[in-house]
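# Summary of structural features
Next come the chains, spelled out residue by residue.
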Number of protein chains: 2
Amino acid sequence: MNCSCEKCHIQEIFFKSINSNELDSFCGARTEKIIPVGTTFIKQGDKIRSFKYLKEGLIKLHRIDGVGNRQIISFGTPMDFVSIHNIFAEDTYSYSVTALETSTVCIFSIDIIKRLIKTNGKFAENLISTKSRASNRILSNSLDLISKSMYGKVASVILFFHEKIYFTMGFDLPISRKEIAEYTGLSIETVIRVISEFRRDGLIRVYGKRIEIIDKDGLISIYKHS
Amino acid sequence: MNCSCEKCHIQEIFFKSINSNELDSFCGARTEKIIPVGTTFIKQGDKIRSFKYLKEGLIKLHRIDGVGNRQIISFGTPMDFVSIHNIFAEDTYSYSVTALETSTVCIFSIDIIKRLIKTNGKFAENLISTKSRASNRILSNSLDLISKSMYGKVASVILFFHEKIYFTMGFDLPISRKEIAEYTGLSIETVIRVISEFRRDGLIRVYGKRIEIIDKDGLISIYKHS
DNA sequence: GTAAATATATGACATATATCATAAAGCAGA
DNA sequence: TCTGCTTTATGATATATGTCATATATTTAC
């Protein structure tokens, strides 16, 4: 198994810092895994034994918070998830990761990564940079939710999947209303009601999980002003 | 100017990875600055020209969010703030930093830090570790706020300053009600009302900025269950 | 020291949001 | 196909939270 993967976004980021010598031992130790929809492949509390990144697919990060509530932390594409958030900070994961779409995950020995950081400055720099951008994005989204009303929160979820994941006006939401509730901190009923209200106001069309954005500017305005 | 600072918490973390050779060039380039209360010494949008860490004091991270609202991101002691959140991710700061108490900040050339990361693997590892822990804490606090009611939010602020900053039952809040509002996403009036209610319920005593915790278990219970 | 600005406080009221109840629709398994 | 389980949906109602008005206390500027 080698690293010549067409679809690997991470490749460009990480591998440009690795010379052919290192690349050999690096890629030789790689394992690739297909994760079916709904599978939780990292569990909160598990010991961190490997370094994982998302090669393809869509995942959610979630946790049980300090007082026992289920909470979704963020949604991520290959650009968003590499499991270094905790590698050097803790020895167990502080969150779980579940596939929302069939996903491909690449797995490396954690020792190889640690060794690379110590011996390859360029790699360390790229890793810090990638990790910083990812956690800045997650934090920024989390902070955005704190100061918004139920309308702004639900609008931000719909706009997120439109602008960051699917890029089309019509798409199937990869999450349930309950998961939107777990992400926004709203109750399920409130999420459903706000979606219904958006539908009645002609902002979106809704058929179960399918969402079609009719008035994107209207949604953006709600996102900005509430 | 050298690095033999008694009060430097960072020293222990960073410097144990630096040999005496590197230490000389490192410490020779160090600048120390006293920051008076209320001074904003890092401004959102400013170009990142140096590497800063908090040697002593208390600061707040804050930002203008994507739609123009003032928002406090977190409060930090020396263990919480090193300005690497963005160093490799962006070339400008995405937040401002203001001193809540008279603080001491150490400043290094950013080039020295970048060079150290590239040439000293142990330093890179420690830096990643420190940064990870700091951003995990900030994210975790932010996530906590999303799913809490006004009572839980205000209780968490009071408990934060008690348990993480002052360690005593009585202390002067280093922030205004308005700043609590900017941190929690509540309105100022709501913050004031909740504090008054806590006072009337015998959980705390309040004299302006001074808070005295009477019923810590009660506060914790509110924090956990709302 | 005084005026102006800001911070704290509270009431009255409107709006936002949660909770409880109920029902229909979709979905998984026997 | 039937049965049970989960999801989506909506109404009725209670509670949480924001807004506006106003007053006092405190801080800041001169």
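Residues numbered from 1 in each chain as written. Chains lettered and ligands numbered in written order. Predicted model: local features only at pLDDT ≥ 70, side-chain atom pairs only at ≥ 80, totals over all residues. Heavy atoms only, no water.

## A look at helix α7 (residues 188–200) of chain A
Residue and element names in this part refer to chain A. As a reminder, the rule being used: Where helices and strands are cited, they refer to DSSP runs of H or I of at least four residues and of E of at least two residues respectively, numbered from the N terminus. Working rule for helices: expected span equals 1.5 Å times residues minus one. Buried, partly exposed and exposed residues are distinguished by accessible area as a fraction of the type maximum, computed with a 1.4 Å probe on protein chains only: under 20%, between the cut-offs, and over 50%, respectively. Should any heavy atoms of two residues lie within 4.5 Å, those residues are considered in contact.
The first and last C-alpha atoms of α7 sit 18 Å apart over 13 residues, in line with the 18 Å expected at 1.5 Å per residue. The complete set of buried residues in α7 reads Val191, Val194, Ile195, Ser196 and Phe198. Summarising the contacts, the buried residues of α7 are in contact with α5 (150–166), α6 (177–184), β7 (204–207) and α8 (216–225). One or two steps after α7, the chain reaches Gly202, where phi turns positive at roughly 75°.

## What about the interface of chain B and chain A?
For the record, the criterion: What gets called buried area is simply the loss in accessible area from a 1.4 Å probe that two parts show on being joined, summed for both. Basic side-chain nitrogens of Lys or Arg form a salt bridge, by our definition, when they fall within 4 Å of a carboxyl oxygen of Asp or Glu. In protein, a polar contact means a hydrogen-donor-capable atom and an acceptor-capable atom, both N or O and within 3.5 Å, with residues adjacent in sequence counting only if both atoms are side-chain atoms; elsewhere, any N or O pair within 3.5 Å suffices.
Across the boundary between the two partners, chain B contributes 40 residues, which contact 39 residues of chain A. The junction of chain B with chain A conceals about 3,500 Å² of combined surface from both sides, 58% of it contributed by carbon and sulfur atoms. Between the two partners, chain B and chain A, sit four salt bridges. Remark: the boundary between chain B and chain A carries nine residue pairs in polar contact (both at pLDDT 80 or more). Those elements giving two or more residues to the side of chain B that touches chain A turn out to be β4 (70–76), α3 (110–119), α4 (121–146), α6 (177–184) and α8 (216–225) of chain B. With 20 residues, the single largest contributor to the side of chain B that touches chain A is α4 of chain B.

## Side note on the domain arrangement of chain A
Residues and elements named next belong to chain A. Put simply, the rule reads: A domain assignment, automatic or from a database, supplies the domain bounds used here. Nonpolar residues are Ala, Val, Leu, Ile, Met, Phe, Trp, Tyr, Cys and Pro. Charged residues are Asp, Glu, Lys and Arg, and all others, Gly as well, are polar.
Domain annotation of chain A identifies domain 1 (9–141) and domain 2 (148–225). Computed over C-alpha atoms only, the centres of domain 1 and domain 2 are separated by 28 Å. Between domain 1 and domain 2, the residue contacts involve twelve residues of the former and nine residues of the latter. Interface area, domain 1 with domain 2, both sides summed: about 1,000 Å², of which 63% is carbon and sulfur. On the surface where domain 1 and domain 2 come into contact, there are two salt bridges. Between Glu182 and Arg70 there is a salt bridge, with the nearest N and O atoms lying 3.1 Å from each other. Those elements giving two or more residues to the side of domain 1 that touches domain 2 turn out to be β3 (50–64), β4 (70–76) and β5 (96–109). In terms of residue count, the dominant contributor to the side of domain 1 that touches domain 2 is β4 (six residues). Class assignment for the residues of the side of domain 1 that touches domain 2 results in five nonpolar, four polar and three charged.

## A word on the relation of the copies chain B and chain A
Heads up, the rule is: Least squares is the method for superposing the copies, and the C-alpha atoms it fits come from residues with pLDDT of at least 70 in both.
Mapping chain B onto chain A is achieved by rotating through 180° and translating by 0.0 Å along the same axis, at an RMSD of 0.0 Å. This pairing of chains is accounted for by a two-fold axis. Looking at chain B, 98% of its interface residues are interface residues in chain A too, so the copies touch through the same face.

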